[in-house]
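# Inside the fold
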Amino acid sequence: MSNIAEGSCNCGHIKFQIDVVPKDVYVCHCSICRKSTGSGGIAVTVVDNDKFSWLAGQNAIKTWYKPGHDWETSFCQYCGSPLPGKNDQASTYIPVSLFDSGHENLRLKKHIFVDSKASWEELP
Ligand SMILES: [Zn+2]
Ligand SMILES: [Zn+2]
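Residues numbered from 1 in each chain as written. Chains lettered and ligands numbered in written order. Predicted model: local features only at pLDDT ≥ 70, side-chain atom pairs only at ≥ 80, totals over all residues.

## Concerning the sheet that holds strand β4 (residues 42-48)
- The five strands are arranged β9-β10-β4-β3-β12 in an open sheet whose pairing can be described as mixed. If you trace the sheet from one side to the other, it starts and ends with β9 (85-86) and β12 (107-112), each paired once.
- Of the pairings in the sheet, the one linking strand β3 (residues 24-28) to β4 comprises three bridges and is antiparallel in character. Each bridged residue has a counterpart across the sheet, and for C28 the counterpart in β4 is I42. (Pairing = 2+ DSSP bridges. Helix = DSSP H or I, 4+ residues; strand = E, 2+ residues; numbered from the N terminus.)

## A look at the nonpolar core
- Ranked by internal contacts, the top residues of the largest apolar core, which has 17 residues, are C9, C28, V44, C76, L83 and I94.
- Those elements that provide at least two residues to this core are β3, β4, β7 (72-76) and β10 (91-95).
- Looking at which element gives the most residues to this core, the answer is β4, with three residues.
- Apart from residues lying up to four places away in sequence, I94 is in contact with G7, V44, T45, V47 and P84. (Core = buried A, V, L, I, M, F, W, Y, C linked by C-beta atoms within 7 Å. Buried ≥ 20, exposed ≤ 12 C-beta atoms within 10 Å, placed from the backbone. Contact = placed C-beta atoms within 7 Å.)

Everything listed here is a matter of coordinates, which is why it stays silent on function.
In structure tokens, the structure reads:
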């Protein structure tokens, strides 16, 4: 696997790489993403599962499912950074602010779940 882009959590315990150039950014405004970040939403990119691999720190990954929802969120047990997780059977989502390198081509593509956006947030 060639290392095209690399990322890590706030404390640096968890590291990952992808071997495709990350480009499209989706900002999710659903209530789960807003609570998991404490903010207006989370900006992510999506890659095929076989383009993603963990480099370090997998032992510190905590994954949480909201009962009744078909969605999971993962975070670092030490620093709480939101982490990459399962998007669907074939793909992985990656919070784009985790990237340390290789992310120069990221561009906003779409806001999603805008019906659930925070009342204070104004979207273009
Ligand atoms: Zn961490
Ligand atoms: Zn969401």
